[in-house]
Amino acid sequence: MLTKKNKAYKFDATECMVNFMEEFESSEIELYLSNNYSEPGTLIDAKKATFLISKNIPSPMGAFLSAFEKKTDAENVQADKEGDLYSWEELLSHLKE
């Protein structure tokens, strides 16, 4: 997560970033980033990503959450690993439940 004042916050997993978001006004945030499952080590704009929650893909903090830059990549992994796809806004709503 990058603030408009260029302060960077790093998290073990996207769900940790989502939980931490409550500490800030959304107007203070410049960019939300997630690791791209299809290209490990590459960060992608979380607001444009497609997310997959699949019990068949472990994640660092146990939410089974993976991010994909391309929706087609997420759909291909979903076909193999099962699970549910979410946009950024859908993911935020889901994680608040």
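1. Focus: the nonpolar core
Part 1: The biggest cluster of nonpolar side chains holds 18 residues, and the ones touching the most others in it are Met1, Met21, Tyr32, Phe51 and Trp88.
Part 2: Going through the elements one at a time, α1 (14–20), β5 (50–53), β6 (65–68) and α3 (88–96) are the ones with two or more residues in this core.
Part 3: The element best represented in this core is α3, accounting for 3 residues.
Part 4: When residues no more than four places from it in sequence are discounted, the contact partners of Met1 are Lys7, Ala8, Tyr9, Phe11, Met17, Phe20, Met21, Phe24, Ile29, Leu31 and Tyr32.
Part 5: Leu52, Ile57, Ala74 and Val77 belong to the second largest nonpolar core, which has 5 residues in total.

2. Digging into the pairing of β6
Part 1: Of the two faces of β6, the one carrying Leu65 and Ala67 and the one carrying Ser66 and Phe68 are both buried.
Part 2: Relative to β6, β5 runs antiparallel, the two sharing 4 bridges. Pairing of Phe51 across the sheet is with Ala67, part of β6.

3. Digging into unusual backbone geometry
Part 1: Look at Asn6: it is not a glycine, yet its phi comes out positive at around 65°.
Part 2: Along the chain, Asn6 turns up in the loop between β1 (2–3) and α1.
Part 3: On the accessibility criterion, Asn6 (62% relative accessible area) is exposed.
Part 4: At Glu82, a residue that is not glycine, the phi angle is positive and equals roughly 65°.
Part 5: Tracing the backbone through its elements, the reader meets Glu82 in the loop between α2 (71–81) and β7 (84–86).

4. Details of the environment of Lys7
Part 1: Within the element layout of this structure, Lys7 appears in the loop between β1 and α1.
Part 2: Looking at Lys7, the relative accessible area reads 46%, which means it is partly exposed.
Part 3: Once residues lying within four places of it in the same chain are set aside, the contact partners of Lys7 are Met1 and Leu2.

The rules behind the values
- Residues numbered from 1 in each chain as written.
- Predicted model: local features only at pLDDT ≥ 70, side-chain atom pairs only at ≥ 80, totals over all residues.
- Heavy atoms only, no water.
- Core = buried A, V, L, I, M, F, W, Y, C linked by side-chain atoms within 4.5 Å.
- Buried < 20%, exposed > 50% of the residue type's maximum accessible area, 1.4 Å probe, protein only.
- Helix = DSSP H or I, 4+ residues; strand = E, 2+ residues; numbered from the N terminus.
- Contact = heavy atoms within 4.5 Å.
- Pairing = 2+ DSSP bridges.

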